[in-house]
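Listed here are the chains, written in short residue letters.
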Amino acid sequence: MKGRARLRRVLVEAASVALVVVLLIWSLTPVYNMLLIALDPDEGDIEFEGIVWPQDPSLHSFHTVLTQGYWLVADFWHQLGNSFFIAVMTMVLTVVIGSLASFALSRMRVSRGWWLVNAPLLTYAVPASFLVIPFSRLMVSYGLANSLWAIVAANVTFATPYAILILRQYAALIPIELDEAARIDGASPVQIVRRVYLPLMAPALAAVGTFALLLAWNEYVYQYVLLSSTRNMTVAVAIAQFFNTDEAPWNYMMAASLIYSLPPIVIFYTLRRYIAAGLTRGAIRG
Amino acid sequence: MSSVQQVLAGAGVGHRLRGAIWQPRVHGSELAWAIAFLVPYAAVFLAFVIYPVTYALWMARDPSLYGDLVSNPRYVRTVVNTALYVGLGVNVQMFLALVLSGFFMRRRWWIKALLPVFMLPWALPAIPAYVSFHWMLIGEEGLINSLLALLGIQGPLWFQDRRLALASNIAAYIWKWLPFWTLTFVAGRTAIPQEVYEAADVDGARGFRRFAHVILPLLGNLYLVCTLLCTLWTVGDFTTVAMVSEGAPAYSTDVLATLGFQYSFDAAQPSLGIAAVLSALPVLIPITILLMRALHTRQVQL
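Residues numbered from 1 in each chain as written. Chains lettered and ligands numbered in written order. Predicted model: local features only at pLDDT ≥ 70, side-chain atom pairs only at ≥ 80, totals over all residues. Heavy atoms only, no water.

A few words on the overall build of chain A. Of the regular secondary structure elements, chain A holds twelve helices and zero strands. Sequence-ordered secondary structure for chain A, helices as α and strands as β, is α-α-α-α-α-α-α-α-α-α-α-α. Dimensions of chain A along its principal axes, counting C-alpha atoms only, are 75 × 70 × 30 Å. Residues classed as buried in chain A amount to 56% of the 286 residues present. Look at the contacts in chain A between residues 6 or more apart in sequence, and 76% of them connect residues 24 or more apart. Summed over all atoms, the accessible surface of chain A reaches about 12000 Å², with 64% contributed by carbon and sulfur. Positive and negative side-chain charges of chain A, numbering 18 and 16 respectively, have mean locations separated by a distance of 28 Å. (Helix = DSSP H or I, 4+ residues; strand = E, 2+ residues; numbered from the N terminus. Buried < 20%, exposed > 50% of the residue type's maximum accessible area, 1.4 Å probe, protein only. Contact = heavy atoms within 4.5 Å. Areas by Shrake-Rupley, 256 points an atom, 1.4 Å probe, with all protein chains shown as cover. Lys, Arg positive; Asp, Glu negative; His and termini not counted. Charge placed at Lys NZ, Arg CZ, Asp CG, Glu CD.)

This next bit is on unusual backbone geometry. For residues besides glycine, phi is generally negative; the peptide bonds are generally trans as well. Here the residue pair B:Ala248 and B:Pro249 is connected by a cis peptide bond, since its omega of -5° sits within 30 degrees of zero. With respect to the element layout, B:Pro249 can be found in the loop between helix H11 (239-243) and helix H12 (256-266). If you check the backbone angles, A:Asn146 has positive phi at about 55° while not being a glycine. Looking at where A:Asn146 falls in the secondary structure, it is placed in the loop between helix H5 (132-141) and helix H6 (148-171). By relative accessible area, A:Asn146 is classed as partly exposed at 24%. With a phi angle near 50°, B:Ala268 is a residue other than glycine that sits in the positive phi range. Exposure remark for B:Ala268: the relative accessible area of 58% places this residue in the exposed category.

The description of an aromatic ring pair rests on the distance of the ring centres and on the angle between the ring planes. All names here are of chain A. For the coordinates displayed, the defined rule picks out 41 aromatic pairs over all chains. Geometrically, the ring pair formed by Trp217 and Tyr260 is stacked, given 5.1 Å between the ring centres and 20° between the ring planes. With Trp217 in helix H9 (residues 202-218) and Tyr260 in helix H12 (residues 250-283), the pair connects residues that are 43 residues apart, well separated along the chain. Accessibility assignment for this pair places Trp217 and Tyr260 in one class, buried. (Phe/Tyr/Trp six-rings, centres within 6.5 Å; stacked < 30°, edge-to-face > 60°.)

Moving on, we get to the interface of chain A and chain B. In this complex, chain A contributes 102 residues to the contact, which on the side of chain B involves 110 residues. Between chain A and chain B lies a buried interface of about 9800 Å² when both sides are counted; carbon and sulfur atoms form 77% of it. Applying the counting rule to chain A against chain B returns 13 residue pairs in polar contact (both at pLDDT 80 or more). No other element matches helix H1 (residues 2-38) of chain A, which puts 19 residues into the side of chain A that touches chain B. (Buried area = accessible area lost by both parts, 1.4 Å probe. Polar contact = N/O pair within 3.5 Å; in protein donor to acceptor, adjacent residues only side chain to side chain.)

Here it is as structure tokens:
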């Protein structure tokens, strides 16, 4: 019996090592493919020559993108700035609007009706990509055509319902007695938000903020439709523009893609600890 | 299972709040503040959800549009694609996420070290990731087929075959979002009190039995909520299909989001495009209501 148990344990360990290897390959192959193409020194059209290893690796394409040395990346830095503006504004507004709404819904007990408390989720009944056309016409009437704020508005609209959901779940873990004690001490609701609610909610706010930031960095279709001029374009749209030309230099495209991928990765791994904590504690409990 | 149930009972199961539809429990200046806190979100909701949705419904108000859609084989095929894309994309993803979340709960250093790498697809922006998938699979000399060639296998032309192209889109979508849902389930498992595991141990429930009788009942509602939320998000997914297969071969892998886009912009028939996407509402609205109910149940049950 003992030998069998040991064999079983060895088999389980071997299987989990195998799974680790499979998951590593699964997660990294597309990233490796980006590097493989970006490191190709050839300017102009690259033929896919069946290479699995960079034969003559060169940082030339990264240099070209960073110095804006090709017409498709001529506004790269400006466009990266646009992407940053949209992402940061989306993050800030989602956190501010979401935390205020979640405070009112979960701590002030405005209503117990399930439909009112969860009404923000109705947003997801009509997915974002379905609303591009009415949204773009709307933006013209709001005077926000070809404006980065239009993208921020769309992102905030679709990030906030999830943010409120997560924040409400997390808030349910904080004893309501804290609010009541503060209230007895004469604190106004604004002071309770600032002194009690927000500090205790910090991990959930980090999780929600990162979610909003990644949503903005992932978003494409609104940026594509709503931002028409090259100056107002974002990097995501600029990258997709490479497909519109016949002999586009794919190594530049991949170099731009890799550079564009760095900011969210850095932010994500910096905040990772908080994200796990923010999602963890609210996940099962209501 | 008695001790497990005791622990659960101790966690406070029971009363379901059956509140009135509108039952303010705050008064005076408190209520004023509550409303003030809700105003920013209410404004966003009215200006960017209610208004565009109403506008969309108004644009697609002509019933003949729907007749045009149904009589078009391309629309019918797109509906089938969307059902496959969502059905497989969501369910395979959720199942894998649930299984992998259990794997990531194991206390081994190499599994802990894998987690940050495994999260990478979530942090990687969608456009670069999907463009990479596109180049990885295109033609005879993309990375995947080159790797297969090393093994002496002649890889298929992924985007020349509808099934393979559809599968490529689904795989890319799962690649991108699996970490997000896995992390959610890891969070859910972490939130299960240690006493529950200990109680299950005392009762001799291990391995599959522990999963089926202890973890699944506890995670069941979270699984349902995630599945519903993921379904809503997947139906609206545009970027994957637009970038990975680009609808190839010959528009046969389009989903509703990309079809609506093409009708609206390439064919300059915005009303038809909107009608195409809005035709999913009879499915999406019940899912949303189910999601809201499931969240409410969860809130008071455990």
